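# Overview (structure and organization)
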Amino acid sequence: MTAVPLVDIRGLDIGYTRNRKNHPAVIGLDLTVNPAEVVAIVGESGSGKTTTANAIIGLLPPNGRITAGSALVGGVQIARARERTLRRLRGSVVGLIPQDPMVGLNPTKRVGAQIAEAVRLRGVAGPAVPGEVVEYLEQAGVPDPGLRARQYPHELSGGLRQRVLIAIALAGRPKLIIADEPTSALDVTVQRRILDHLGGLVREQGISLLIITHDLAIAADRADRVLVMRDGRKVEEGDPGTILTDPRVDYTRQLIAAAPRLAHGGQVVARFDVRGQDTPEPILTLTDVSKTFAVGDARRGRRGFNALDGVSVTVPRGRTHALVGESGCGKTTTLRIALGLEPPTGGSIVLDGTEIAGRSWNQLRPLRRKAQLVHQDPFAALDPRFTVRQSITEPLVSFRVGDRRSREARARELLDQVALPATFLDRLPSELSGGQRQRVAIARALALHPDLLMLDEPVSALDVLVQDQILRLLVELQEALGLSYLFVSHDLAVVAEISHTVSVMREGRVVEVGPVAEVFTNPQSPHTRELIDAVPGRAAVRLHA
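The residue numbers shown here count from 1 along each chain, following its written sequence. The predicted nature of this model means local features are confined to residues of pLDDT at least 70 and side-chain atom pairs, given and counted, to a pLDDT of 80 or more, with totals for whole chains, interfaces and linings taken over all residues. Think of the side-chain values as coming from all heavy atoms in the structure, minus any hydrogens and water.

## So, the pairing of strand β9 (residues 225-230)
Summary of the burial criterion: residues with accessible area below 20% of their type's maximum are buried, those above 50% are exposed, and those between are partly exposed, where the area comes from a 1.4 Å probe applied to protein chains only. The secondary structure listing takes helices from DSSP runs of H or I that are at least 4 residues long and strands from runs of E that are at least 2 residues long, numbered from the N terminus. Of all the six residues making up β9, five are buried; the element is thus mostly covered by neighbouring parts of the structure. A strand pair is defined by DSSP finding two or more bridges across the two strands. Pairing between strand β3 (residues 38-42) and β9: four bridges, direction parallel. Paired with Ile41 across the strands is Leu227, a residue of β9. Here five bridges tie β9 to strand β10 (residues 233-238), and the two strands are oriented antiparallel to one another. Each residue of the ladder has a partner; that of Met229, found in β10, is Lys234. As consecutive antiparallel partners, β9 and β10 are separated by two residues, and within that stretch Asp231 has a phi angle of approximately 55°, a positive value.

Structural data, given as structure tokens:
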């Protein structure tokens, strides 16, 4: 007997109302998800992936609505369902792992209290609740779950916050879990652990999994069936082997070509090989840097947490040095200390020949012209009230560089450097795509002619096609302007595409350092080997072969 699909969507149209006009976001979509099945929807930003997921769980924004078609979820027609009906489905039938951990978590509540809400909705009460909270944090791969349960979201790294969202979804014990880019903020080892766990739930408990992702390597590794979407329409559907070996449309071929792991046969291949070459003088040197944070609360007392322990990093002039490692290993803390945004507990930081450790804000300010930061999230990096012109010229105004005419000329020059037309100067961030916003953020970082850019996961929030464009742009800018990069990423394939040398970090220490071509092909540290083995795409390539 054929199982009844848990999700059965036919001819679904979804639109958003803007200025009294309906703008289609999903057009004529057919989608089924059977019990104990893993289905992946892939496509670039704006293809309709997340809109489809939000419709299934009944969380479309006020201006979004289903305009045509049928959508059965757990036997309930959600296309015209009331909020009371949808609320009964959420948590018990459908659980959601949202993409943005800072939006998905309440900043005013401790992590444990937020997971406890999902546990209590199942009828669990009293002293059993704290134990289940810790259990689901452990299942989601959160280290020291007892401590993390007492912390607030802002005290956790991006990867840890994402794992908390996964714990909240698991706590409801749903029949279907919708994972919207669930691992985009996670390093490869935790990514594998989380996806292995979700796959185990599918096998052992019959839970269905709908993965929304821009990473075709993850989809091909993990899914029983893959849907490719573009501009709101399904353009291709099939099993991963068929999608990779015989894609029917050019768009799918573009996605495969833009995924480094698939393009290189499942291997992490370095773009640059500097083995045997002379190393340029350093522009940035961190020597034996340590950092201790106080964690805990007044009731239980506070204790020291060693975020960094004797970290040494060197960025050669004109090259890219990468920091890789698991979430919480100290990558971003190292970056913040190098920028002078966080004081070290000990050690030395030399930027372009100047010791910056222990300097005051006023003493550091002139040095900020030498080093600029490109943030992880292009949607949060730009002031929503500023036009592109204002965002790019803000550093020039702050440092009193030039007059209005010269700043205007510099803004146009910078837009040209990041391959955006001058017509974008009057646009607001809300009128730009994620990739366009990141280009503007890079242009702003270049405004003061810095020698060093520090990039904190600059492409993790972007789909593979845009990610490929931004990485190519960074390489071109480095060659044209002689820039140096300190590049933080959890994605080893991305690091291999842009970096000359790499430091592998674990638990606040550097465990391996060297040229990317050497470290990734002949790793000496067991942790480095573990990171490389966890890179997705290998199963997909076996299918491809």
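Read on for the rest.
## Some points on the sheet that holds strand β19 (residues 501-506)
Reading across the sheet, the six strands line up as β16-β17-β18-β13-β19-β20 and stay open at both edges, with mixed pairing between neighbours. The strands lining the two open edges of the sheet, one partner per strand, are β16 (371-374) and β20 (509-515). Going across the sheet, the axis of each strand differs from the next one's by a mean of 15°, ignoring polarity. Bridge count between strand β17 (residues 452-456) and strand β18 (residues 484-488): five bridges; the pairing is parallel. Where helices are involved, their axes are fitted lines through C-alpha atoms of the stretch in contact, as for all axes, and angles between N-to-C directions lie from 0 to 180°.

## Things to note about helix α18 (residues 434-446)
The terminal C-alpha atoms of α18, which comprises 13 residues, lie 19 Å apart, in line with the 18 Å expected from a rise of 1.5 Å per residue. Three or more residues of α18 are buried, namely Gly434, Gly435, Arg437, Gln438, Arg439, Val440, Ala441, Ile442, Ala443, Arg444, Ala445 and Leu446. Here a residue-residue contact requires only that any non-hydrogen atoms of the pair lie within 4.5 Å. Buried residues belonging to α18 abut β16, α15 (378-381), α16 (388-398), α17 (404-417), β17 and α19 (464-481). One fewer than the residue count of a helix, multiplied by 1.5 Å, yields its expected span.

## Some words on the pattern of salt bridges
Note on definitions: salt bridges are taken to be side-chain nitrogens of Lys or Arg within 4 Å of carboxyl oxygens of Asp or Glu. Enumeration according to the criterion identifies 25 salt bridges in this entry. In this structure, the salt-bridge partner of Arg275 is Asp273, at a minimum N-O distance of 2.8 Å. By relative accessible area, which is 41% here, Arg275 ends up partly exposed. Exposure remark for Asp273: the relative accessible area of 39% places this residue in the partly exposed category. Of the charged contacts, one joins Glu408 and Arg389 as a salt bridge, the two residues approaching to 2.7 Å between their closest N and O atoms. Pair noted here: Glu408 is in helix α17 and Arg389 is in helix α16, with a separation of 19 residues, a long-range link. Connected through shared salt-bridge partners, Glu37, Arg225, Lys234 and Glu237 make up one network.

## As for the sheet that holds β3
With mixed pairing, the six strands of this open sheet are ordered in space as β6-β7-β8-β3-β9-β10. Edge positions in the open sheet fall to β6 (94-97) and β10, since each of these has one partner strand only. When the angles between neighbouring strand axes are averaged without regard to direction, this sheet yields 20°. By the bridge criterion, five bridges tie strand β7 (residues 176-180) to strand β8 (residues 208-213) in an arrangement that is parallel.

## Examining the packing of α16 against α17
Contact geometry of α16 with α17 gives a least axis separation of 9 Å together with a crossing angle of 120°. Of the two possible hands of crossing, α16 and α17 adopt the one that is right-handed. On α17, the residues that touch Val388, Arg389, Ile392, Thr393, Leu396 and Val397 of α16 are Arg407, Glu408, Arg410, Ala411, Leu414 and Leu415. Here a crossing is called left-handed whenever its near helix is offset anticlockwise from the far helix by less than a right angle, and right-handed whenever the offset is clockwise.

## A word on the packing of aromatic side chains
For this analysis, a ring pair means two rings from Phe, Tyr or Trp (six-membered ring only for Trp) whose centres lie within 6.5 Å, classed as stacked if their planes differ by under 30 degrees, edge-to-face if by over 60, and tilted for the remaining angles. Enumeration according to the criterion identifies zero aromatic pairs in this entry. Two limits define a charge over a ring: the Lys NZ or Arg CZ must be within 6 Å of the ring centre, and within 35 degrees of the ring normal. When the ring centre of Phe293 is taken as origin, the NZ or CZ atom of Lys291, which lies over that ring, is 5.1 Å away. A cation sits over an aromatic face here: Arg427 above Phe424, 4.0 Å from the ring centre.

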